[in-house]
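Here are the chains, one letter per residue:
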Amino acid sequence: MTPLPTLKQLRYLVALAEHHHFGRAAEACFVTQSTLSAGLQELETLLGTALVDRGKRSVIFTPVGEAVLRRAKRLLSDAEDLVEEAAAGQEPLCGRLRMGVIPTIGPFLLPRVLPALREAYPSLKLYLTEDRTDRLVEQLKDGALDILLLALPYDIGDVETVVMAEDPFYFSCLPEHPLAQRNLVPAEALRGESLLLLEDGHCLRDHALAACRLEGARNEQSFRATSLHTLVQMADNGLGVTLLPKLALDGKLLDGTRLVARPMDDSEARREIGLVWRRGTARRAEFQLLADFLKAQIAALST
């Protein structure tokens, strides 16, 4: 039988990658530095290769070490899933759940649905990470996150996705703008406008352009907004017009501004809100339960 690394050895390796220091990694694992060093040396002996270059001032992973580290994170995540699934068999949605969420959804949705989630599942410990979609997807694949709350569509790869709601885009401008007088704004009317969007890398930008078929529209590039709040302030100062998701508008994004919002005259001018998790996870039933719960909560918000 092939000798296998222990979860403890893999945990030592991951802790060293996180802290880049043997002493701090040992403290994080609640062991002495000599115990952690010995465990890593045993792991290297077992694998027959060096994983870490031990310099005087730095800790550098070898190429093999980087590959082993990625697998170690996934193995530890799977082991944690196993424990959480066993606990969920006794009580659904309990214990730790690490959720990644994008900033164009999190601040506008979570405050409105989390109180009900806590009431329904008081034993659930929800840890939230807010970041851009591409970085959250990497953390999901590495095992650092369990589930993602994202805007779709997005090319994520081999994952499971549950769409929970549609989120239409609204045209937003100052009240004196000619299009503010329209009950419905056609996408073609935006082509001559100075359109303010989030900077490259934010999926909301791509969703807005694609959903409204505005890939060739003139974008105002003089400023780079990294959040919807900054984008709204730019539009409120007369720098241009913008497209905003209804979710953010329902979350009072325009409060304190002069901006008005008008629906688009296009049923395809929307994004989708969904939950995403790794295919084959042992916690699939639990994640599906969470998706069903959040879907019901989102539907109740719009009634």
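Here the structure is a predicted model, which is why all the values come from computation and not from measurement.

Reading the values: rules and limits
Residues numbered from 1 in each chain as written. Predicted model: local features only at pLDDT ≥ 70, side-chain atom pairs only at ≥ 80, totals over all residues. Heavy atoms only, no water. Helix = DSSP H or I, 4+ residues; strand = E, 2+ residues; numbered from the N terminus. Buried < 20%, exposed > 50% of the residue type's maximum accessible area, 1.4 Å probe, protein only. Areas by Shrake-Rupley, 256 points an atom, 1.4 Å probe, with all protein chains shown as cover. Lys, Arg positive; Asp, Glu negative; His and termini not counted. Charge placed at Lys NZ, Arg CZ, Asp CG, Glu CD. 1 Å grid on protein atoms, 1.4 Å probe; cavity = no way out; pocket = protein on both sides within 12 Å on 5 of 7 lines; lining within 4 Å. Points joined across faces, edges and corners; volume = space filled by probe spheres on them. Nonpolar A, V, L, I, M, F, W, Y, C, P; charged D, E, K, R; others polar. Axes fitted to C-alpha atoms, helices over the stretch in contact; angles between N-to-C directions. Parallel < 35°, antiparallel > 145°, perpendicular 65-115°, else oblique. Contact = heavy atoms within 4.5 Å. Salt bridge = Lys/Arg side-chain N within 4 Å of Asp/Glu carboxyl O. Arc of directions from axis to C-beta. Left-handed = near helix turned anticlockwise from the far one by under 90°.

Chemist: Explain the overall build of the protein residue by residue, including any values.
Modeler: A tally of helices and strands in the protein yields ten helices and ten strands. Its C-alpha atoms give the protein principal-axis dimensions of about 75 × 45 × 35 Å. Here the protein holds 303 residues, and 48% of them are scored as buried. For the protein, the exposed area adds up to about 15,300 Å²; of that, 52% sits on carbon and sulfur atoms. Computed over 35 positive and 41 negative side-chain charges, the separation of the two mean positions in the protein equals 3 Å.

Chemist: Report on the layout of surface pockets, specifying residues and quantitative values.
Modeler: Looking at the largest pocket, its volume works out to about 350 Å³. If you trace the largest pocket, you find 16 residues lining it, with V14, E18, L76, E80 and R98 closest to the centre. Listing elements by their share of the lining of the largest pocket, those giving two or more residues are α1 (7–19), α2 (22–29), α4 (63–90), β3 (95–101) and α6 (133–142). Of the residues belonging to the lining of the largest pocket, the class tally is six nonpolar, three polar and seven charged. There is about 240 Å³ of room inside the second largest pocket. Together, 15 residues line the second largest pocket, and A165, E166, D250, I298 and S302 are the ones closest to its centre.

Chemist: Can you explain the packing of α2 against helix α3 (residues 33–47)? Please cite residues and give values.
Modeler: Remark: α2 packs on α3, axes separated minimally by 8 Å, with the N-to-C direction vectors making an angle of 100°. Classed by the angle they form, the pair α2 and α3 counts as roughly perpendicular. Residue-level inspection shows F22, G23, A25, A26 and C29 of α2 in contact with α3, the latter providing Q33, L36, S37 and L40. Looking at the contact of α2 with α3, its residues break down into six nonpolar, three polar and no charged.

Chemist: Mind laying out the pattern of salt bridges, listing which residues take part and the relevant values?
Modeler: Scanning the model with the defined rule gives 13 salt bridges in all. Here D167 ties to R271 by a salt bridge, and the two come within 2.9 Å at their closest N and O atoms. Note that D167 is positioned in strand β6 (residues 159–173) and R271 in strand β10 (residues 270–278), a separation of 104 residues in sequence. Like D167, the residue R271 is buried in the burial classification. One salt bridge connects E286 with R283, and the closest N-O pair in it is separated by 3.1 Å. Judged by relative accessible area, which is 2%, R283 ranks as buried. Among the charged side chains, a salt-bridge network with shared partners connects R98, D146, R283 and E286.

Chemist: Let's hear about α2: which residues, and what values?
Modeler: The set of residues buried in α2 consists of F22, G23, A25, A26 and C29. Buried residues along α2 cover an arc of 165° about the axis, so they all sit on one side. Buried residues along α2 sit in contact with α1, α3, β1 (52–54) and β2 (59–61). Just downstream of α2, F30 is the residue with a positive phi angle, here 60°.

Chemist: So, the packing of helix α5 (residues 106–120) against helix α10 (residues 284–301): which residues are in play, and what are the values?
Modeler: As a packed pair, α5 and α10 sit with axes 10 Å apart at the nearest point and diverge in direction by 125°. With respect to each other, α5 and α10 are oriented oblique. For the element pair α5 and α10, the recorded crossing hand is right-handed. Mapping the contact onto sequence places L109, R112, V113, A116, L117 and A120 in α5 and L290, F293, L294, Q297, I298 and L301 in α10. Grouping the constituent residues of the contact of α5 with α10 by class yields ten nonpolar, one polar and one charged.

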